[in-house]
Amino acid sequence: MNKIFVIPGYGVPKNIMTDANYNRYLSFAFNKIYDESNSQEATILFCGGKTDCYPPYQRTEAEEMYKFFISLAKRKFVKAKTKDWQYIKENKSVCRLENFLYARDYIIKNKIKFAEITIFCEFTRRKRAGELIKKIFKGYKVKLEPVDFDLSPNRYLDKKFISKKEIRQMTWALRALEDKNELKKFIQNHKDKLKFFRENDYINNPRVVEEWWKVNSR
């Protein structure tokens, strides 16, 4: 049985080696993979493209996550089990829906028929992720692992606001799975969001996330 672990990214920090949110997220994922992988077998798929908000905007979520993760895997007291883990970096996606589609395509492309798939996600997006996974990975054994790692102001937005945003995004994403034109619009919307973040100083003002969703949730 193939053990596949999918780790979606959540932006690109200035320095992932010292970023508290990513440290919590990836440390949780590492320990879970370490405990659940069979012997030395594990395929870890990092998902996330160029969402960097620091000029020149060239770093990818996948590459940055790999950088931190590999520092955990190379520690002497775990290396005997982690030395043969396989790492895949998907560095084109800009949204969660794309993350999952790329992960599914990897499984199909490599003709992996019998797989146990574990997908990590940020805690407040667990319901949306769960619904998408049911549709995208139909026929596979999949487990979702929500991780409550975020201590930024966006974690503490009004619960009704978060719920409303998540339902709207989930509805649109499910529609995008059935309609190629909607999928293009959905992905473009996330590219527009990234442009908005860069133009409105997301680095020093994380509240722009709330500003964006108030205007652009649909």
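Small disclaimer: the values here were computed from a predicted structure and weren't measured.

### Topic: helix α4 (residues 96-109)
Helix length check: α4 (14 residues) gives 20 Å between terminal C-alpha atoms against 20 Å at 1.5 Å per residue, within 8%. Listing the buried residues of α4 in full gives R96, L97, E98, N99, F100, L101, A103, Y106 and I107. Downstream of α4 by a residue or two, K111 has a phi angle that is positive, lying close to 55°.

### What about the pattern of salt bridges?
If you walk through the whole model with that rule in mind, you get 20 salt bridges. A salt bridge links D105 to R104, with the nearest nitrogen and oxygen atoms 3.8 Å apart. Classification of R104 as partly exposed rests on a relative accessible area of 26%. Here R175 and E182 are joined by a salt bridge, their closest N and O atoms 3.4 Å apart.

### With respect to the nonpolar core
Membership of the largest hydrophobic core comes to 53 residues, with the highest contact counts inside it found for I7, Y25, I33, I44, F69, L97 and F137. It is helix α2 (residues 61-73) that provides the largest number of residues to this core, a total of 7 residues. Apart from residues no more than four positions distant in its own chain, I7 is found in contact with Y25, L26, A29, I33, I44, L45, F46, C47, M65, F69 and F120. Ranked by size, the runner-up nonpolar core spans 10 residues in total, among them C53, I162, L194 and W213.

### Some thoughts on the packing of helix α6 (residues 159-178) against helix α8 (residues 208-216)
Here α6 crosses α8 at 55°, and the two axes come no closer than 11 Å. Taken together, the axes of α6 and α8 are oblique relative to one another. Seen along the crossing, α6 lies across α8 with a hand that is left-handed. Here α6 contributes F161, K165 and Q169 to the contact with α8, which in turn contributes E210, W213 and K214.

### Regarding the packing of helix α7 (residues 180-199) against α8
Contact pair α7 / α8: the axes reach a minimum separation of 10 Å and the direction vectors enclose 140°. Considered as vectors, α7 and α8 are oriented oblique to each other. Both α7 and α8 take part in a crossing whose hand is right-handed. Contact residues: α7 offers N189, D192, K193, F196 and F197, while α8 offers V208, V209, E211, W212 and W213. Taken together, the residues that form the contact of α7 with α8 break down as 6 nonpolar, 1 polar and 3 charged.

### Overview of the sheet that holds strand β2 (residues 43-47)
Within the open sheet, the 5 strands sit side by side as β3-β2-β1-β4-β5. Their pairing is parallel. Among the strands making up the open sheet, the edge pair consists of β3 (86-90) and β5 (141-147). Recorded for the sheet is a direction-independent mean angle of 20° between the axes of neighbouring strands. The pairing of strand β1 (residues 2-8) with β2 spans 5 bridges and is classified as parallel. When the sheet's bridge partners are listed, P8 is paired in β2 with C47.

### Observations regarding the packing of aromatic side chains
This structure, assessed with the given rule, holds 17 aromatic pairs. Taking the centre distance of 5.4 Å and the plane angle of 70° together, the rings of F46 and F69 count as edge-to-face. Taken as a pair, F46 in strand β2 and F69 in helix α2 lie far apart in primary sequence, 23 residues in all. An aromatic cluster is present here, built from F30, Y34, F46, Y66, F69, W85 and Y87 joined pairwise through their rings. Sitting over the face of the ring of Y34, K81 holds its NZ or CZ atom 4.7 Å from the ring centroid. Residue placement shows K89 over the ring face of Y66; its charged tip is 4.2 Å from the ring centre.

Cut-off values and rules
- Residues numbered from 1 in each chain as written.
- Predicted model: local features only at pLDDT ≥ 70, side-chain atom pairs only at ≥ 80, totals over all residues.
- Heavy atoms only, no water.
- Helix = DSSP H or I, 4+ residues; strand = E, 2+ residues; numbered from the N terminus.
- Expected span 1.5 Å × (residues − 1).
- Buried < 20%, exposed > 50% of the residue type's maximum accessible area, 1.4 Å probe, protein only.
- Salt bridge = Lys/Arg side-chain N within 4 Å of Asp/Glu carboxyl O.
- Core = buried A, V, L, I, M, F, W, Y, C linked by side-chain atoms within 4.5 Å.
- Contact = heavy atoms within 4.5 Å.
- Axes fitted to C-alpha atoms, helices over the stretch in contact; angles between N-to-C directions.
- Parallel < 35°, antiparallel > 145°, perpendicular 65-115°, else oblique.
- Left-handed = near helix turned anticlockwise from the far one by under 90°.
- Nonpolar A, V, L, I, M, F, W, Y, C, P; charged D, E, K, R; others polar.
- Pairing = 2+ DSSP bridges.
- Phe/Tyr/Trp six-rings, centres within 6.5 Å; stacked < 30°, edge-to-face > 60°.
- Lys NZ or Arg CZ within 6 Å of the ring centre and 35° of its normal.

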